[in-house]
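Listed below, chain by chain, are the residues.
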Protein chains: 2
Amino acid sequence: MPILVMKFGGTSVATPDRIRRAAKRVGREVANGFDVIVIVSAMAGETNRLVGYVEETGPFFDAREYDAVVSSGENVTAGLMALTLQEMDVPARSWQGWQVPLRTTDVHAAARIEEIPTDNILAKFGEGMRVAVVAGFQGIGPDGRITTLGRGGSDTTAVAFAAAFGAERCDIYTDVDGVYTTDPRISDKARKLDRIAFEEMLELASLGAKVLQTRSVELAMRYKVRLRVLSSFGEMDADAGTLVCDEEDIVESNVVAGVAYSRDEAKMTLISVADRPGIAAAIFGPLSEAGVNVDMIVQNISEEGRTDMTFSCPTNQVARAEQAMQKAKDDGQINYHDLVADTDVAKVSVVGIGMRSHAGVAAQMFEALSAENINIKVITTSEIKISVLIDRKYMELAVQALHDAFGLEKAA
Amino acid sequence: MPILVMKFGGTSVATPDRIRRAAKRVGREVANGFDVIVIVSAMAGETNRLVGYVEETGPFFDAREYDAVVSSGENVTAGLMALTLQEMDVPARSWQGWQVPLRTTDVHAAARIEEIPTDNILAKFGEGMRVAVVAGFQGIGPDGRITTLGRGGSDTTAVAFAAAFGAERCDIYTDVDGVYTTDPRISDKARKLDRIAFEEMLELASLGAKVLQTRSVELAMRYKVRLRVLSSFGEMDADAGTLVCDEEDIVESNVVAGVAYSRDEAKMTLISVADRPGIAAAIFGPLSEAGVNVDMIVQNISEEGRTDMTFSCPTNQVARAEQAMQKAKDDGQINYHDLVADTDVAKVSVVGIGMRSHAGVAAQMFEALSAENINIKVITTSEIKISVLIDRKYMELAVQALHDAFGLEKAA
């Protein structure tokens, strides 16, 4: 029988009643003829409760024990989901990570999946079991101890299972009903997309649209797993949600798929840096070591051997960035006149694989912002994305203007 | 280094702060030169919460999934205890049942321990680890799935580890500070015993003194594990609590060690049973099948081929006993005139290995009750115990009178 992977997040299994509602969706797919692998998160709030206990033991904790503690939340949900399915006469059983065994690297609390053997679960499907409920977010390391994949690892678990079992599709049930052209809280013209390409989803995910974990999208793209995002609270509808798929599977699409934003950006400018070969490495090496996630980088035209270097990073990393730069200056690695931090900016981006074949998207974007008198502070572009930094107070206005300018309220 | 097993019950690890207090006790034993195996229960209330979730799924649940769910409570405590010990610079790590692996039978939710390999943990002790924290109450079945030992199984886990590792002693930390000559809530003359023999403890445990699980005492007796019961809330004192040990280790003792009681007893009398060989089997077979825990049995002198048969059972099993007897009568297996249930009785017992060598204990007991005008309804005796059924309203009075009569307020 074809295999379907269904993943339910914490809010979808927050109570026994919600687990029952999720189990009904699983039962319907079994009735549709699928053998189903269900990946479950911990009941909403559980992981935070357990992490809180661990943090109470002290500031520096053994990540192996952290993993042993926090993984228990998913184990509880897996057992309860199996019981609920059995109660509905659906043959089901639970697997904890070590029982699969889902093998990972030994990087506790942030392990990566190395291997998912399929024989054990396939044998049970062969014996008439219809649903394997697997505790998400966890595995077993080379030393036989429990590992976790880091927050959001349940999405990654689901995609990895879909890849390993050659599943027809991987359905991610969450508390939103799909991927939108932009945040509906900012624009009431936001429209749910029926389909979106992996590449677009990746850009949107990394730009702060918190629907899917970036890692899970990367994995889905690599293994060509058809990924569907849909709400566990909506109607049961075969066409619900948004399908994240290969771009060949998208027949018609707008040039721009969506407008994303990120509120917590800071713009940092190193003024009058002594320009020389290797200066970029001398700046961004220490920033990376200090754990600063540099996003955009712009270097101004060099004049008389000196240049201005601008970069962006999350607002809460500004202090860290300043320290790292000061230290690099004190150590004689770099030489600059001043470091100016502008923490009142936001990033707005348009994303779409259609840009590859359509010229003029950037011009159209700048024009739309100019028409609203919004000043652009930094611009960066990739093959399928254009991002700008602007004053934070214009962020909502910019998102709405761009959504209108690219006609996103209407499907292609 | 000598090995000590320390077990902490649910109230002793109910909060991160209590876990810290328990960890301090462990740290002290490490400083005393022991390698310590700590067995932990789930935080107080956790197991009930998890069982509640399972019961919400429906009335007939898969015990394998029940085990997978409820065992997670102990896993959380084990990790937190290891982290807390590490924070105190005590080298520690946690083990879940399947990691030891503690092998059990496949009777889920009521499994019995079959094997505890010691190599894994001993190797870690050899590498400098000082504390192995083991999640109590759980193991792994022949099919590789998680099993639990039933409620109270953490005491049994602790004793089994002490036996497997040849531990110096097994300390059970609980919320009472030892075993008393009787319930201090009933007699203010109740005295904590420094030592008690396994056999006495077994009788007291099965008579309703809820300090230790009967199974754990049986196991300790079989493998000669010195078992100490003590409070996790009292002073840290090497001589605290009560040592449950071989009777040879008790130099002086009273003839009677303690007075136990059980409030929820019912006396059932089958009146005018047709007496014939095999009649006892015809009565008690059906009762056993119906799940009635028959305790005392008394058969009156047979007259003209008919006899009265009296037995006792817990009050809440009376209806079940009546149904079983009616059915056996309807099926023609037995023939009786009437079944009279007296649900207003209580059982009071005196227990002591000294009875073996001292005649007259029974007479002394009956005299003390008679002096208080307490009527005895049923008597049974074993080698080290005499039990009587009396009207429930005299229970406290009887306990106090017997405690006085045998001089239990003073040590031998």
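Quick caveat: nothing in here was measured; it's all calculated off a predicted structure.

Scanning chain A from N- to C-terminus turns up 12 helices and 18 strands. What you see for chain A is a C-alpha radius of gyration of 24 Å, in line with the 22 Å of a compact globule of 412 residues. With respect to the three principal axes, the spread of C-alpha positions in chain A is 75 × 50 × 30 Å. Looking at chain A residue by residue over its 412 residues, the buried ones come to 50%. Excluding contacts between residues fewer than 6 apart, the proportion of contacts in chain A whose partners are at least 24 apart in sequence is 75%.

Counting residues at the interface gives 26 residues for chain B, matched by 27 residues for chain A. The element best represented in the side of chain B that touches chain A is helix α4 (residues 72-87) of chain B, accounting for 10 residues. For the side of chain B that touches chain A, the per-class residue count stands at 11 nonpolar, 11 polar and four charged.

Turning next to the pairing of strand β17 (residues 378-382) of chain A. Bridging between β17(A) and strand β18 (residues 385-391) of chain A involves five bridges; their strand directions are antiparallel. Counterpart to I379(A) in the pairing with β18(A) is V388(A).

Residue and element names in this part refer to chain B. Taken in spatial order, the eight strands of this open sheet run β3-β6-β2-β1-β9-β11-β12-β10, and their pairing is mixed. Edge strands, defined here as strands with exactly one partner in the open sheet, are β3 (92-95) and β10 (195-197). Between one strand and the next, the sheet's axes are offset by a mean angle of 20°, whatever the strand orientation. Alignment of strand β2 (residues 35-40) against strand β6 (residues 131-135), held across five bridges, turns out to be parallel. Directly across from I37, in β6, lies its bridge partner A132.

Our focus in this paragraph is helix α6 (residues 153-164) of chain B. All names here are of chain B. End to end, α6 covers 16 Å across 12 residues, agreeing with the expected 16 Å (1.5 Å per residue, within 8%). Of all 12 residues in α6, 11 are buried, a share of seventy percent or more. Listing the buried residues of α6 in full gives G153, S154, D155, T156, T157, A158, V159, A160, F161, A162 and A164.

V38(A) and V38(B) are the most contacted members of the largest nonpolar core, which totals 256 residues. Every residue in contact with V38(B), bar those within four places of it in the chain, is listed here: M6(B), F8(B), V26(B), M81(B), V131(B), V133(B) and V134(B).

Okay, the relation of the copies chain B and chain A next. In this arrangement, two copies of a chain are superimposed by a rotation about an axis accompanied by a shift along the axis. After a rotation of 180° and a shift along the axis of 0.0 Å, chain B superposes on chain A with an RMSD of 0.1 Å. The symmetry that links the two subunits is that of a two-fold axis. When each C-alpha of chain B is compared by its distance to the rotation axis, S72(B) comes out closest, at 2.7 Å. The overlap is high: 100% of the interface residues of chain B also sit at the interface in chain A, so the same surface is used on both sides.

The next thing to look at is the environment of A238(B). Residues and elements named next belong to chain B. Within the secondary structure, A238 sits in the loop between β11 (227-231) and β12 (242-245). C-beta crowding within 10 Å serves as the criterion here: with 7 such atoms nearby, A238 is assigned to the exposed category. Considered as a pair, A238 and E29 are 209 residues apart in the sequence and their alpha carbons are 9.8 Å apart.

In many reports, interface size means the accessible area that the parts give up when they come together. On domain assignment, one finds that chain A holds domain 1 (3-175) and domain 2 (259-405). One C-alpha centre belongs to domain 1 of chain A, the other to domain 2 of chain A; they are set 39 Å apart.

What counts, and at which threshold
Residues numbered from 1 in each chain as written. Chains lettered and ligands numbered in written order. Predicted model: local features only at pLDDT ≥ 70, side-chain atom pairs only at ≥ 80, totals over all residues. Helix = DSSP H or I, 4+ residues; strand = E, 2+ residues; numbered from the N terminus. Rg over C-alpha atoms; globule rule 2.2 N^0.38 Å. Buried ≥ 20, exposed ≤ 12 C-beta atoms within 10 Å, placed from the backbone. Contact = placed C-beta atoms within 7 Å. Nonpolar A, V, L, I, M, F, W, Y, C, P; charged D, E, K, R; others polar. Pairing = 2+ DSSP bridges. Axes fitted to C-alpha atoms, helices over the stretch in contact; angles between N-to-C directions. Expected span 1.5 Å × (residues − 1). Core = buried A, V, L, I, M, F, W, Y, C linked by C-beta atoms within 7 Å. Least-squares fit on C-alpha atoms with pLDDT ≥ 70 in both. Domains from an automatic or database assignment.

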